[in-house]
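Observations on the model geometry
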Amino acid sequence: MHTVFDDDDLIQVREVAQKFAQHRLADGYMVREKSGYFDMDLLREMGSLGLIAPELNEDFGGIGAKFLLSGVIIEEIAKADFNFAYAPLLGSLNGQILQNFARPEIAKDWLCKVTAGEELVAIALTEARGGSDAANLGLRMEREGNHFVINGEKTSISANQIAKAVVTFARTGAPEDKAHGVSAILIPLDLPGISTSKFSNCGQNSVGHGSIWFDNVRVPAEFLLGEEGKGFVQVMQGFDFSRSLIGLQCLGTARQTLNETWRYIQERHAFGQPLSKFQGITHQLAEFDTKIEAARLMCLNALWLKDKGLPHTGEAAMSKWWPPLLAYESIHACLLVRGHAGYSEDLPIQQRLRDVLGLQIGDGTAHIMKNIITKDRLKQLTAG
Ligand SMILES: Cc1cc2nc3c(=O)[nH]c(=O)nc-3n(C[C@H](O)[C@H](O)[C@H](O)COP(=O)(O)OP(=O)(O)OC[C@H]3O[C@@H](n4cnc5c(N)ncnc54)[C@H](O)[C@@H]3O)c2cc1C
């Protein structure tokens, strides 16, 4: 489906992503999820097609593409495998952070591997005490000569057992400094003193999600991202990007499910007629189709604003709370239209429902997104 945001490059890359997703990912979605397996060979294949973080500079393995392009790719990947779309999502989010705040030689080393699909980098902000009040974090990081020494736990981290490094936020200043006493650092996950655990979740099992413990972990100081004590304030801006991408990830999965359901209601009969003759069904699908299209344009618009260098914090927060909710609601409705078959593990609908649910929480809940939208809109009104 084309939009006002499309140009020829976007359309071409979308076709490449679509082919890869439908031919290489779709069939194995449920098998990978059930066995909790993330296929690194498929990720390398995706990297070889240039489908991971193409917006990065050429030095870092990208092609300097528009941010919009990554949104379009993630949407296509999520139509086939919602969870596999975490790889380009993390690639883009951490790609921006490393490109902008890491030493160039460290950024090059890691990002060339990320864009090639050879390695994943995770991001760790949440702690057991709570994720919403993100600046109020307690993980400590002390400077000792040329190293930082880290002790404590991060929890609820996506891809924590398949990533090879993690962008981590830790306190280097006093607790009362709140966001201003927090630094960001890239931590290779093979350093001594690191251990991980995996949660038993109701979805997103193939990418996995859990805790990372740091026991006197010594990280070379050159792995610091941004300035000491300013990591939170500087690096958090990247989340505006990932929020729009998450919206498209959820909507891709919702669109696929809705399209399958439009086809199904023409084939399935009840009371001597195809289901497509019952307006109780078609009007509900028509409403979801309208909302999914509107939400999709909203996410693309946030990315377009980012491409133009225009403010988009409010738009990105909108893209993070509504699309995951809408995706969940529309997939739920489609599941019911399939009757008992929709409830069975023979179809991917129940799996998609459990997978998209996670992103109503991950990367910030709807409550927090609405707080961000409120702050953004009030600031705009005050500024006149
Ligand atoms: C699938 C998934 C993937 C994730 N991936 C990552 C990851 O890769 N890295 C990472 O660091 N974290 C990740 N998280 C963690 C996620 O960011 C946190 O779970 C989230 O920020 C909420 O934190 P919490 O669970 O501690 O809930 P809490 O902060 O304890 O909040 C509990 C409830 O209170 C509400 N609430 C809190 N404060 C307010 C307020 N001011 N106003 C109104 N309501 C409020 C919340 O919305 C929520 O409903 C992931 C979580 C999930 C489910």
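Quick notes on the rules
Residues numbered from 1 in each chain as written. Predicted model: local features only at pLDDT ≥ 70, side-chain atom pairs only at ≥ 80, totals over all residues. Heavy atoms only, no water. Near = heavy atom within 4 Å. Polar contact = N/O pair within 3.5 Å; in protein donor to acceptor, adjacent residues only side chain to side chain. Areas by Shrake-Rupley, 256 points an atom, 1.4 Å probe, with all protein chains shown as cover. Helix = DSSP H or I, 4+ residues; strand = E, 2+ residues; numbered from the N terminus. Nonpolar A, V, L, I, M, F, W, Y, C, P; charged D, E, K, R; others polar. Domains from an automatic or database assignment. Phe/Tyr/Trp six-rings, centres within 6.5 Å; stacked < 30°, edge-to-face > 60°. Buried < 20%, exposed > 50% of the residue type's maximum accessible area, 1.4 Å probe, protein only. Lys NZ or Arg CZ within 6 Å of the ring centre and 35° of its normal. Contact = heavy atoms within 4.5 Å. Buried area = accessible area lost by both parts, 1.4 Å probe. Salt bridge = Lys/Arg side-chain N within 4 Å of Asp/Glu carboxyl O. Axes fitted to C-alpha atoms, helices over the stretch in contact; angles between N-to-C directions. Parallel < 35°, antiparallel > 145°, perpendicular 65-115°, else oblique. Left-handed = near helix turned anticlockwise from the far one by under 90°.

1. Quick word on the site of the ligand
Taken together, the neighbourhood of the ligand is formed by 22 residues, with Thr126, Gly131, Ser132, Thr365 and His367 sitting nearest. In this structure, a nitrogen atom belonging to the ligand sits 2.7 Å away from a side-chain N or O atom of Thr126. Within the complex, 65% of the 980 Å² of free accessible area of the ligand lies under protein. Elements with a contribution of two residues or more to the shell around the ligand: strand E1 (121–124), strand E3 (147–158) and helix H13 (366–383). Its residues assigned to classes, the shell around the ligand comprises seven nonpolar, 14 polar and one charged. Counting residues domain by domain, the shell around the ligand receives three or more from each of domain 2 (123–227) and domain 3 (235–383).

2. Structural notes on the packing of aromatic side chains
Applying the stated criterion across every chain yields a total of four aromatic pairs. Between the aromatic rings of Phe67 and Phe241, the centroid separation amounts to 5.0 Å while the plane-to-plane angle is 75°, which identifies the pairing as edge-to-face. Residue Phe67 is found in helix H4 (residues 67–80), and its partner Phe241 is found in helix H8 (residues 239–267); the two are separated by 174 residues along the sequence. Assigned by exposure class, Phe67 and Phe241 land together as buried. Just above the ring of Phe288 sits the side chain of Lys291; from NZ or CZ to the centre is 5.7 Å. One residue, Lys370, lies across the ring of Trp321, its end atom 4.2 Å from the ring centre.

3. Some remarks on the domain arrangement of the chain
Interfaces are often sized by the amount of accessible area the parts lose when they come together. Domain assignment breaks the chain into domain 1 (8–119), domain 2 (123–227) and domain 3 (235–383). Averaged C-alpha coordinates put domain 1 and domain 3 at centres separated by 21 Å. Contacts between the two partners involve 27 residues from domain 1 and, on the opposite side, 30 residues from domain 3. Carbon and sulfur atoms supply 69% of the area that domain 1 and domain 3 bury against each other, a total of about 2,500 Å² over both sides. Remark: the boundary between domain 1 and domain 3 carries two salt bridges. Across the contact surface, domain 1 and domain 3 share nine residue pairs in polar contact (both at pLDDT 80 or more). Taken together, the elements giving at least two residues each to the side of domain 1 that touches domain 3 come down to helix H1 (8–25), helix H2 (29–35), H4 and helix H5 (86–101). Sort the elements by how many residues they give to the side of domain 1 that touches domain 3 and H4 lands first, with nine residues. When its residues are assigned to classes, the side of domain 1 that touches domain 3 shows 14 nonpolar, six polar and seven charged.

4. Section: the packing of H1 against H4
Axis separation between H1 and H4 bottoms out at 8 Å; the angle between their running directions is 25°. With respect to their mutual orientation, H1 and H4 come out roughly parallel. Where H1 crosses over H4, the handedness of that crossing is right-handed. The residues of H4 that touch H1, namely those facing Leu10, Val13, Arg14, Ala17, Gln18, Phe20, Ala21, Gln22 and Leu25, are Leu68, Leu69, Val72, Ile73, Glu76, Ile77, Lys79 and Ala80. For the contact of H1 with H4, the class distribution of residues is twelve nonpolar, two polar and three charged.

5. As for the environment of Gln161
Looking at where Gln161 falls in the secondary structure, it is placed in the loop between E3 and strand E4 (165–171). Accessibility expressed as a relative area gives 42% for Gln161, which makes it partly exposed. With sequence-adjacent residues up to four places away left out, Gln161 is seen in contact with Thr196, Ser197 and Lys198. A polar side-chain atom of Gln161 sits 3.0 Å from a polar atom in the side chain of Thr196.

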